[in-house]
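Tertiary structure, described
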Amino acid sequence: VQLQASGGGLVQAGGSLRLSCAASGRTFSTYVMGWFRQAPGKEREFVAAISRSGGRTYYADSVKGRFTISRDNAKNTVYLQMNSLKPEDTAVYYCAADNTWVVAVTPNEYDYWGQGTQVTVSS
């Protein structure tokens, strides 16, 4: 599967952005989808993940209550709605796909990655 992330940009603290990740192929609904981020000089970290049906979602503590992951299997797309953004949310955001039942929160469990989209939050 090929993944294309979009929707990043520059926003002031307290603002919102919605990231999208479009997937190619007909088997999108068989993949667990995740969002990760990587700030300069830091390791890639888990942000959110969603089960194949969309019925279960998981979040990093740092974004819980502010970010919402969702998916539309008919459109082969996963979304990350980011509200109440903080400067520490600044990073390159990546979407990833994992061909399994289990929702993982570690990057090395994911099989496919998008190219990343930059999110910059100014104070």
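Here goes a summary of the coordinates provided.

Once that is clear, we can look at the sheet that holds strand E1 (residues 3-6). One open sheet holds the four strands; their spatial order is E1-E3-E8-E7, and the pairing between them is antiparallel. The open sheet is flanked by E1 and strand E7 (67-72), the only strands paired with a single partner. For this sheet, the mean inter-axis angle between neighbouring strands, taken without regard to orientation, is 15°. Pairing of E7 with strand E8 (residues 77-82), which is carried by six bridges, proceeds in the antiparallel orientation. The partner of Arg71 across the bridge, within E8, is Val78.

Within the structure shown, the criterion is met by four salt bridges. With a closest N to O distance of 3.2 Å, Asp61 and Lys64 form a salt bridge. Using a relative accessible area of 67% as the deciding quantity, one classes Asp61 as exposed. Within the structure, one salt-bridge network assembled from shared partners comprises Arg37, Glu45, Arg66 and Asp89.

A full pass over the atoms with the stated rule returns one disulfide. Cys21 shares a disulfide with Cys95; S-S distance 2.1 Å. Its S-S torsion of about 60° marks the bond between Cys21 and Cys95 as right-handed, since a negative value means left-handed. Taken as a pair, Cys21 in strand E3 (residues 17-23) and Cys95 in strand E9 (residues 91-98) lie far apart in primary sequence, 74 residues in all. Cys95 matches Cys21 in its accessibility class, with the two residues each being buried.

This next bit is on the pairing of E1. Residues Leu3 and Ala5 point to one face of E1 and are all buried, whereas Gln4 and Ser6, pointing to the other face, are not buried. One ladder, built from four bridges, connects E1 with E3; its direction is antiparallel. The residue bridging Ser6 from the neighbouring strand is Ser20, located in E3.

One non-glycine residue with positive phi stands out, namely Asn76, at about 55°. Among the structural elements, Asn76 can be located in the loop between E7 and E8. Relative accessible area serves as the criterion here: at 16%, Asn76 is assigned to the buried category. Unusually for a residue other than glycine, Ser84 sits at a positive phi of about 50°. As for its position among the elements, Ser84 is in the loop between E8 and E9. Taking the relative accessible area as the measure of exposure, Ser84 reaches 41% and is therefore partly exposed.

Parameters at a glance
- Residues numbered from 1 in each chain as written.
- Predicted model: local features only at pLDDT ≥ 70, side-chain atom pairs only at ≥ 80, totals over all residues.
- Heavy atoms only, no water.
- Pairing = 2+ DSSP bridges.
- Helix = DSSP H or I, 4+ residues; strand = E, 2+ residues; numbered from the N terminus.
- Axes fitted to C-alpha atoms, helices over the stretch in contact; angles between N-to-C directions.
- Salt bridge = Lys/Arg side-chain N within 4 Å of Asp/Glu carboxyl O.
- Buried < 20%, exposed > 50% of the residue type's maximum accessible area, 1.4 Å probe, protein only.
- Disulfide = S-S within 2.5 Å.

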